[in-house]
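In case you want the letters, here they are:
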Amino acid sequence: MRTILAAVMLCVLFTSVVKVQARQSLNLMPLPAKVQMGSGHLVIGPTFSVSIAGQHEARLDRAVEIFLGQLGLQIGMPPIDMQVVDSANATLVIQAAGGTKSVQELGEDESYRLEISNAGARLNAPTTLGVMRGLQTFLQLVQTTSEGFAVPAVAIEDSPRFPSRGLMIDVGRHFIPLDVLKRNLDGMAAVKLNVFHWHLSENQGFRIESKKFPKLQGMGSDGLYYTQDEVRAVIAYARERGIRVVPEFDMPGHTTAWFVGYPELASGPGSYQIERRWGVFDPAMDPTREETYKFLDAFISEMAGLFPDQSFHIGGDEVNGKEWDANPKIQAFMHAQGMKGNNDLQAYFNQRVQKIVSKHGKTMLGWDEILRPDLPKTIVIQSWRGPDSLAQAAKQGYRGLLSSGYYVDLMWSAERHYATEPLSGAAASLTPEEQKRILGGEACMWGEYVSPENIDSRIWPRTAAIAERLWSPQDVRDVNSMYQRLALVSTWLDGLGLTHNSSYAPMLRRIAGKDDIAALKVLADVVEPVKDYTREETAPSPATSESPLNRVVDAVRPESSTARKFADAVNELVAGHAKPGSESRVKDLLNRWRDNQVELQPQVEKSLLLKEVAPLSQNLSALGAAGLAALDYLDRGEPAPAAWVTAQLALVEQAKKPQAQMLIMVAPSVEKLIRASAGQASAGPAAPSSSPENRSTLMGQRGGPWNLRKLIFRR
Ligand code: ACM
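Bear in mind that the values here come from a model prediction, so they are computed numbers and not experimental data.

Conventions used here
- Residues numbered from 1 in each chain as written.
- Predicted model: local features only at pLDDT ≥ 70, side-chain atom pairs only at ≥ 80, totals over all residues.
- Heavy atoms only, no water.
- Helix = DSSP H or I, 4+ residues; strand = E, 2+ residues; numbered from the N terminus.
- Rg over C-alpha atoms; globule rule 2.2 N^0.38 Å.
- Buried < 20%, exposed > 50% of the residue type's maximum accessible area, 1.4 Å probe, protein only.
- Areas by Shrake-Rupley, 256 points an atom, 1.4 Å probe, with all protein chains shown as cover.
- Lys, Arg positive; Asp, Glu negative; His and termini not counted.
- Charge placed at Lys NZ, Arg CZ, Asp CG, Glu CD.
- Contact = heavy atoms within 4.5 Å.
- Axes fitted to C-alpha atoms, helices over the stretch in contact; angles between N-to-C directions.
- Parallel < 35°, antiparallel > 145°, perpendicular 65-115°, else oblique.
- Left-handed = near helix turned anticlockwise from the far one by under 90°.
- Nonpolar A, V, L, I, M, F, W, Y, C, P; charged D, E, K, R; others polar.
- Phe/Tyr/Trp six-rings, centres within 6.5 Å; stacked < 30°, edge-to-face > 60°.
- Lys NZ or Arg CZ within 6 Å of the ring centre and 35° of its normal.
- Pairing = 2+ DSSP bridges.
- Polar contact = N/O pair within 3.5 Å; in protein donor to acceptor, adjacent residues only side chain to side chain.
- Core = buried A, V, L, I, M, F, W, Y, C linked by side-chain atoms within 4.5 Å.
- Salt bridge = Lys/Arg side-chain N within 4 Å of Asp/Glu carboxyl O.

## Let's talk about the overall build of the protein
The number of helices and strands found in the protein is 29 helices and 20 strands. For 715 residues, the compact-globule estimate of 2.2 N^0.38 gives 27 Å, and the C-alpha radius of gyration of the protein, at 27 Å, lies within 12% of that figure. Within the span of the protein, comprising 715 residues, buried residues form 58% of the whole. For the protein, the exposed area adds up to about 27600 Å²; of that, 55% sits on carbon and sulfur atoms. Between the averaged position of the 76 positive side-chain charges in the protein and that of its 79 negative side-chain charges there is a distance of 2 Å.

## Examining the environment of Met482
Following the sequence through the fold, Met482 ends up in helix α17 (residues 479–495). Residue classification places Met482 among the buried residues on the basis of a relative accessible area of 0%. Taking the C-alpha atoms as reference points, Met482 and Tyr418, 64 residues apart in sequence, are found 8.6 Å from one another. Sequence-distant contacts of Met482, that is, excluding residues within four places in its chain, are made with Met29, Ala414, Glu415, Tyr418 and Ala465.

## Observations concerning the packing of helix α22 (residues 561–575) against helix α23 (residues 582–606)
At a minimum axis distance of 9 Å, the contact between α22 and α23 shows a crossing angle of 130°. Taken as axis vectors, α22 and α23 run oblique relative to one another. The crossing of α22 and α23 is left-handed. On α23, the residues touching Thr562, Phe566, Ala569, Val570, Glu572 and Leu573 of α22 are Ser582, Glu583, Val586, Leu589, Leu590 and Trp593. The residue inventory of the contact of α22 with α23, partitioned by class, reads eight nonpolar, two polar and two charged.

## Re the packing of aromatic side chains
Taken as a whole and judged by the stated rule, the model has 25 aromatic pairs. With a centroid separation of 6.0 Å and 45° between ring planes, the pair formed by Tyr293 and Phe349 is classed as tilted. With Tyr293 in helix α8 (residues 290–306) and Phe349 in helix α11 (residues 342–359), the pair connects residues that are 56 residues apart, well separated along the chain. Each member of the pair, Tyr293 as well as Phe349, is classed as buried. Each member of the aromatic cluster is reached from another via a ring pair, and the members are Phe175, Phe196, Trp198, Tyr226 and Phe307. Here the guanidinium or amino end of Arg352 rests over the ring plane of Tyr293, the centre of that ring lying 4.1 Å away. For Arg416, the ring lying beneath its charged end belongs to Trp412, and the centroid distance is 3.9 Å.

## Regarding the packing of α8 against α11
When two helices pack together, their arrangement is given by the angle between the helix axes and the distance between those axes. Contact geometry for α8 and α11: axes closest at 10 Å, N-to-C directions at 30°. The handedness of the crossing between α8 and α11 comes out as right-handed. Between α8 and α11, the residues in contact are Glu290, Tyr293, Leu296, Asp297 and Ile300 and Tyr348, Phe349, Arg352, Val353, Ile356, Val357 and Lys359, respectively. Partitioning the contact of α8 with α11 into residue classes produces eight nonpolar, no polar and four charged.

## A word on the pairing of strand β4 (residues 92–96)
Most of β4 sits inside the fold, with four of its five residues counted as buried. Relative to β4, strand β2 (residues 49–54) runs parallel, the two sharing five bridges. Within β4, the position partnered with Val50 by the bridge is Leu92. Sheet topology places β4 next to strand β6 (residues 120–125); five bridges connect them, and they run parallel.

## With respect to unusual backbone geometry
Look at the link from Met251 to Pro252: it is a cis peptide, with omega at 0°. Residue position: Pro252 is located in the loop between β13 (244–248) and α7 (256–261). In this structure, Pro461 follows Trp460 across a cis peptide bond, with omega equal to 0°. The topology assignment puts Pro461 in the loop between α15 (455–459) and α16 (462–471). Its identity is not glycine, yet Asp532 carries a phi of approximately 55°, on the positive side. Residue position: Asp532 is located in the loop between β19 (527–529) and α20 (534–537). Assessed through its relative accessible area of 11%, Asp532 is described here as buried.

## As for the pairing of strand β16 (residues 380–383)
For a regular strand, side chains alternate in direction, first toward one face of the sheet and then toward the other. Side-chain alternation along β16 places Val380 and Gln382 on one buried face and Ile381 and Ser383 on a second face that is also buried. The sheet contact formed by strand β15 (residues 363–367) and β16 spans three bridges and is parallel. Directly across from Trp367, in β16, lies its bridge partner Gln382. Note that β16 and strand β17 (residues 399–402) share four bridges and pair parallel. When the sheet's bridge partners are listed, Ile381 is paired in β17 with Gly400.

## What to know about the side chain of Ser267
Counting through the fold element by element, Ser267 comes out in the loop between α7 and α8. Separated by 2.9 Å, the side chain of Ser267 and the backbone oxygen of Met285 make a polar contact. Ignoring anything within four residues of it in the chain, the contact list for Ser267 reads Tyr272, Ala284, Met285, Asp286, Pro287, Glu323, Trp324, Asn327 and Ile330.

## So, the nonpolar core
Ranked by size, the top nonpolar core spans 139 residues in total, and within it Trp198, Phe249, Trp258 and Phe307 carry the most contacts. Ignoring any residue separated from it by four or fewer positions in sequence, one finds Trp198 in contact with Ile169, Val171, Leu181, Tyr226, Val231, Val234, Val245, Val246, Pro247, Glu248 and Phe307. In this structure, Leu616, Leu628, Tyr633 and Val670 belong to the second largest nonpolar core, which totals 56 residues.

## Regarding the pattern of salt bridges
For side chains bearing opposite charge, pairing can occur when the charged atoms are close. The full count for this structure, using the stated rule, is 42 salt bridges. Here Glu110 and Arg165 are joined by a salt bridge, their closest N and O atoms 2.7 Å apart. Of this pair, Glu110 sits in the loop between β4 and β5 (112–117) while Arg165 is found in strand β9 (residues 164–170), placing the two residues 55 residues apart along the sequence. Note on Glu110: relative accessible area 3%, which makes it buried. Relative accessible area serves as the criterion here: at 0%, Arg165 is assigned to the buried category. Between Arg241 and Glu240 there is a salt bridge; the shortest N-O distance is 3.2 Å.

Fair warning: the whole summary comes from geometry, so function is off the table for now.
In structure tokens:
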């Protein structure tokens, strides 16, 4: 009996391993729920045609039109040559059993089934949304083969794990133009994200036209705002791609820009100017005046009419309460109402605003500070200060979204975001019913250090890894597979017009003031911006919204793939199982880093923007030399002398320190080589540079990044 059981277990295990491997062999991100590989492939050429069987809504026709446009770009053919035909013999036959809601809803069916053989392809879905998701899968499957462009024969059955998968973009701190938003919506659609959370107002800017209160944008935006027509255009563009648009108007804090035109809303005496600094500030709405709610009723009514989505985000984060403490009338109100502190006053405000939001037919969404049992269970909590509030909310009957762990402005590795699981920690022990209240999550792109030029590189490709976490089954978590596919999806996103890669060289050229950036690139390829909220702490003078974002730190990538691959090769080397060619690649890189200083130094002297990287360049050169010497000892099988090791480790410590708000990401790997050359035990295989442990060491973090004090200090 036991043998049979063991055989069955082995079979189950083997089948699931095979399933995972079949999925991973496809260049897809996010990976689908179920994949069965076929044999052969379907060639995509000039005779490619599509037919739409089944229901026909305008949104479906448009989805197919967009698909043909993207396929045309991908294979270098005008879409006009690829036909939508009325034939069961079309190359791709699409059949949607039903249409979609006039306003996209949370939880609408996004499942699809895609079958591809060498004779043709069929895409079946219950709704147009499922067709949209399946078409994106089809596009990602297109490969270059010896017979031309082709998709592999495969049967895919797919549906998302979580119904809400978002990207938030903060356009308050830095205005982000419409075309940039649109290309990011294309990126979202490509990785099956379905919510664009538009953070529209901040201390530093009120970014949307109000016709009822024109001084909001008139005095609070420096002229940088979206007209209502532009907003409608973004909503329509998103809808064509299966994406909901959820607006956020952060209140009662983060509201300085509102008060420039309407100081009567504030709790302080004023006057108010648009805030230029970064941080948490005192201005907050006055929750004790009826006029505040009258204003908000009229404003929310206007915005609820403009944004069709069911959800309406009221922010609610980071109210420091200082204006409330300093206002005798507010203190008297709190006393009369028996309120014990500012939390009670904010809860009162939230209750009043919730009633207004609900009166205008919307569901209120807010950051986790709004979680209090006195709000109705219809509201949704967005957890940002840590994952626990998500589990707490779900236990209390509230629905929630996870953003803690998905802040892409913190410059974490894709691996670290990928490891953030909405149903882990306290959420893992929730009942199935409670777990269902966890609707998904959202990547957050806060805007202190982003411009139209570099925002894509802060969002992509790492957000694709978050998208996979939220779409794919929980057992999809192989980091090597993720990185392999992330590189491919990154190239695919390039083709869609995202500028995360294409902006890099032009930024470096401008900084260097010359076309030849080879030496600068050697350095830039192995550094990353400092992590978490250390950019302020390590800045020589505080940055503001007026500081140019034209420094090397603004151009370099949040995650260095050179450093990650170097770390992997070093780990293999020191563990004694280096792949063929690994050691010579490591040596080549170390040589290049050692010698780069000679090339870069004369350029550094000629460019003001380059001056600050001189110490980084020197440190990289020293790391290169130290790594080569360590390899030499290892090759000779001769332990490195203790005094040499001590001196080199001191040099590594120096090189690990932030310079010009950047970190040299290869320093920990060079340290491993040095330790290995001395036969030190700690030199054993360790995490690659992108892993949380390694980065924690590099950053000198203690107790995890979710240090609330820092967060509060920061934003
Ligand atoms: C936040 O990051 N203050 C929601």
